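# Observations on the model geometry
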Amino acid sequence: MTTHRHASAIDTLQTRFDTMRAAQAQAPFPDWSTRADRLRRLDALVRENRDRFAAAIDADFGHRATPETALFEVFPVLSAIRHALRHGRRWMRVRRAATGFWFLPAHSRIRPQPLGVVGVVSPWNYPLQLALWPAIDALTAGNRVLCKPSEATPRFGELLAELVAARFGDDEFAVVNGDAEVSRRFCALPFDHLVFTGSTAVGREVMRTAAANLTPVTLELGGKSPAILAPDAHFAHAVERIVVGKLVNAGQTCVAPDYVLLPRDRVDDFISAARACVARMYPDLADNDDYSAVARERDHQRLSALRDEAVAAGAIAHELAGGDAATRRFPPTLLTEVPPSARVMQEEIFGPILPLVACDTIDDAITHVSARPRPLALYLFARDRATIDRVLDRTCAGGVCVNDTLLHLGQHSLPFGGIGASGMGAYHGEHGFRRFSHMKPVFAQARINAIGWLEPPYRERFARLLRLLLRNP
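Residues numbered from 1 in each chain as written. Predicted model: local features only at pLDDT ≥ 70, side-chain atom pairs only at ≥ 80, totals over all residues. Heavy atoms only, no water.

So, about the pairing of strand E14 (residues 399–402). Alternating residues of E14 divide into Gly399 and Cys401, all buried, and Val400 and Val402, none buried. Note: strand E13 (residues 377–381) against E14, four bridges, orientation parallel. Bridged to leucine 378 within E14 is valine 400. The handedness of the E13 to E14 crossover, carried by helix H13 (residues 385–394), is right-handed. (Buried < 20%, exposed > 50% of the residue type's maximum accessible area, 1.4 Å probe, protein only. Helix = DSSP H or I, 4+ residues; strand = E, 2+ residues; numbered from the N terminus. Pairing = 2+ DSSP bridges. Right-handed = clockwise from strand over helix to strand, strands pointing away.)

Here is the structure:
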């Protein structure tokens, strides 16, 4: 039975891909009305089924706070669609490009062209947002989209496949579900572009698989995103925003603050302020419906091991509220005096554990960040302009948020993506449109031109022109 389902999923995957490839060959450049219609259908799909999506994700997680699904999944998707509908026609326009003086009166243009068939491999932690965000940009750019949701959220995946099939033709947008082997087969298809969101380790395998077809990839990975508190930061505000950024979705966010670099004399103050924030936002946390569960038992065990290993190595754990292992509500925990070699300081935590790293100066914090793999996000809390500029100049991260956390992702005018170990490529808004388009250069020669003067035979006239071309500026 399992083997039959597996073979069926592989067959469906290949059939869907072939259907899209054939449709793309027949209609390689959808006009704006076609693209807008697809976006509006997707908008209606999400609006009309938001409660069903929330229920499916809640069931997959064991408990996912419904307001978090609305705020961090439904709203960002609808906002991205609205932005694309407002600006997509303009993004499609042919753009003028400068033509070199010596080639006039020819002219140059850039024509955005759909790539073709785009594959999207989405993760379990924000299954709706991270399946549809790249799909929105790819559809706006005129592509066909084939999506493979994570097998870790099967109820959501089945619901998305059902709803997409009811609204879209198999040659426009489709969803294929299956196990890890189906994911591997998916990544091995000769897509015109492949988007993967997930861990760095799996990202390496995806890139290796895609390389066999020279498929270009956008990898949205993760890593250890630091938060830096400068001495002049508005302290209470900084602690509150870091706590919020860490505890949304129980820390299962690729851009969640992974550790905090702060002045040595403010560590105890941070602990007290964070404890007060948790008490205010999540009273009776173990039974609080606003606090999400760790989605998988194996991740709950992994987080417990990270904490316990750090404590065994000399760290001090500061539990900010009681959790409930039976419902996988992991207690929000700060760690101090953590040895740099501890696993919690080497791996992305992806849960509600937050190490505090004491620093003597802002330059110590900069050095700490710069000596490690480039993170997906960096959070800086400071008021002095010179300090902000120094941190921005001397650190490298996929994105930066100053005096807040997470919110840079919601800006459609900003690209979202990693760098180095945290990923490659970026999308969102016009940046996503360009990511999923071939910005095709076109040079159009004028009827009357002098290019023939540079053709053989290379005689005196050619020599004079060449001297003119090569003269000093």
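Within the secondary structure, valine 195 sits in strand E6 (residues 193–197). Judged by relative accessible area, which is 0%, valine 195 ranks as buried. Along the backbone, valine 195 and valine 217 are 22 residues apart, and their C-alpha atoms lie at a distance of 5.8 Å. Not counting chain neighbours up to four residues away, the residues in contact with valine 195 comprise Val118, Gly119, Val120, Val121, Pro134, Thr218 and Phe436. (Contact = heavy atoms within 4.5 Å.)

So, about the layout of surface pockets. Its volume calculated, the largest pocket comes out at about 1,300 Å³. Along its surface, the largest pocket is lined by 49 residues, and Phe196, Gly198, Ser199, Thr200 and Val202 are the ones closest to its centre. If you list the elements that add at least two residues to the lining of the largest pocket, you get helix H7 (180–188), E6, helix H8 (200–211) and helix H11 (297–312). The leading source of residues in the lining of the largest pocket is H8, at six residues. Of the residues assigned to the lining of the largest pocket, the class counts are 21 nonpolar, 13 polar and 15 charged. Of the voids in this model, the second largest pocket is the one considered here, and its volume is about 450 Å³. As for the second largest pocket, its lining consists of 24 residues, and the residues nearest its centre are Leu71, Phe72, Pro76, Leu406 and Leu407. If you tally residues by element for the lining of the second largest pocket, the top one is helix H4 (residues 66–92), at five residues. Grouping the constituent residues of the lining of the second largest pocket by class yields 15 nonpolar, eight polar and one charged. (1 Å grid on protein atoms, 1.4 Å probe; cavity = no way out; pocket = protein on both sides within 12 Å on 5 of 7 lines; lining within 4 Å. Points joined across faces, edges and corners; volume = space filled by probe spheres on them. Nonpolar A, V, L, I, M, F, W, Y, C, P; charged D, E, K, R; others polar.)

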